[in-house]
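Inside the fold
Here's the letter readout for the chains.
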Amino acid sequence: MTQEESLDKKPVEHFQFQCKSCGFELDHEIGQNSLVCQSCGAVEPIDTESFNVFSANPYDSTVLDLVRNEPTDVHFHVRCDTCGAGFDFPKNTHADECPYCGQNIIVPVNLQRQLKPDAVLPFDIKEEQANASFRKWIKGLWFAPNSLKRLAMRKHPIQGTYIPYWAFDADTYSSYTGQRGTNYTTTVTVRVNGQTQTRLVTKIRWNYVSGNVSNEFDNVLVPASEMMATKLTTSMTKWNLVKAEEYNPKFLSGYRSELYQVGLPRGFQKSKDIMIRTIRRLIRRDIGGDHQRISTVNTRYERVGFKLMLMPLWVSAFLYKQKTFRFIINGQTGEVKGERPYSWVKITALILTIVAIIGGFVAHNKGMI
Ligand SMILES: [Zn+2]
Ligand SMILES: [Zn+2]
């Protein structure tokens, strides 16, 4: 089997949520746990329960049950109920619009992935608010070219997309060895212009140390998408997880949604890379003194739990000087993360100004002597 698994061209089963009164399509109503008809305005509540973010699935037993550790890429072939067109969804996408008639189509996750999302964080902010956040962000960028700022004031096509994230819990027990550095002052004798002088200098005394630190991690988030720039999705860390709802495909109606592409074991590896930063901080604090060196760290992970969550992002990109700059906006908080160009003209101008100020200052002081 190739890396890119091609399903036979038989259309897959899917959901298309339609209005009970007029038959038109239903979209998730942002900020509400309901669907709303885009034609007659009828409202249909989503039968949902709020999700307990402190619950988790056991990691070890789930990994043992996995048929394969890493998921394969997939394109779903879909036949639209409304217009009858057959087409392929973009890679690893399980919710999108019909490209011919715009109907919302959601393919059940279990058709291609063993683990389904446990929870979804519904969109809280609308496209206009997301665009406003983006414009504010770009206006506030230092050293951005003016032509970019003008470009950013225009409207950009922006897409509501659910990105899967793994959330890991773990109790960690780490034993370490290292060194504690303590400052001390001592006098040294130096010869200046043929004369002996004594001076006070600060030195560091190093002592070997070892110890143990433990920590309880909750909801360490790891993006499970490889189609979105990992740098952007990893930096998006501020989520209000208590607003999560139990997974229900109705929340996806009107958005794009991705299947996870980073498997559970690899996701856990990535979460360890995040946890170790906190663990090293705890070790430095445990070592104390004025300076710390860490030589070895051995960590045991216990009671490891995970959940798969769909996070709401408004996703877009702009083209500037033939280069694509991507940006994402948190669909819950409006926080913006983006790639950005720098204006070297502005940076050089600032450096020259600083040099001129320092130069002027030095010249002034010389004049005083
Ligand atoms: Zn209707
Ligand atoms: Zn269609």
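I will try to describe carefully the structure that is included in this document. Predicted model, so just to flag it, every value in this text is computed and none were measured.

**Overview of the nonpolar core**
Counting 67 residues, the largest nonpolar core has Y165, W166, A167, F168, M309, M311 and I329 as the members making the most contacts within it. In terms of residue count, the dominant contributor to this core is strand 16 (residues 291-320) (nine residues). The residues touching Y165, leaving out its near neighbours within four places in the chain, are L221, V222, P223, A224, M309 and M311.

**Points about the pairing of strand 3 (residues 34-37)**
Because side chains alternate across strand 3, one face comprises the buried residues L35 and C37, and the other comprises S34 and V36, none of which is buried. Relative to strand 3, strand 2 (residues 26-28) is paired through three bridges, and the arrangement is antiparallel. Within the sheet, the bridge partner assigned to D27 lies in strand 3 and is V36. Across three bridges, the pairing between strand 3 and strand 4 (residues 43-45) is antiparallel. Paired with L35 across the bridge in strand 4 is E44.

**Here's the deal with the environment of C19**
Tracing the backbone shows C19 in the loop between strand 1 (4-5) and strand 2. The class for C19 is partly exposed, based on 19 C-beta atoms found within 10 Å. Separated by 87 residues in sequence, C19 and I106 place their C-alpha atoms 16 Å apart. Those residues in contact with C19, other than ones at most four positions away along the chain, are F24, L26, C37, S39, C40 and A42.

**Comments concerning the pairing of strand 17 (residues 323-330)**
Strand direction decides the pairing type here: strand 16 and strand 17, joined by eight bridges, are antiparallel. Bridge pairing in strand 17 places W314 opposite I329. Here strand 16 folds back onto strand 17, and the loop between the two strands holds two residues, one of which, K321, carries a positive phi near 50°. In terms of strand pairing, strand 17 meets strand 18 (residues 336-338) through three bridges, oriented antiparallel. Looking at strand 18, one finds that I329 is bridged to V336. Once strand 17 ends, the chain turns through five residues before running back antiparallel as strand 18, passing G334 with a positive phi of about 85°.

Parameters and conventions
- Residues numbered from 1 in each chain as written.
- Chains lettered and ligands numbered in written order.
- Predicted model: local features only at pLDDT ≥ 70, side-chain atom pairs only at ≥ 80, totals over all residues.
- Core = buried A, V, L, I, M, F, W, Y, C linked by C-beta atoms within 7 Å.
- Buried ≥ 20, exposed ≤ 12 C-beta atoms within 10 Å, placed from the backbone.
- Helix = DSSP H or I, 4+ residues; strand = E, 2+ residues; numbered from the N terminus.
- Contact = placed C-beta atoms within 7 Å.
- Pairing = 2+ DSSP bridges.

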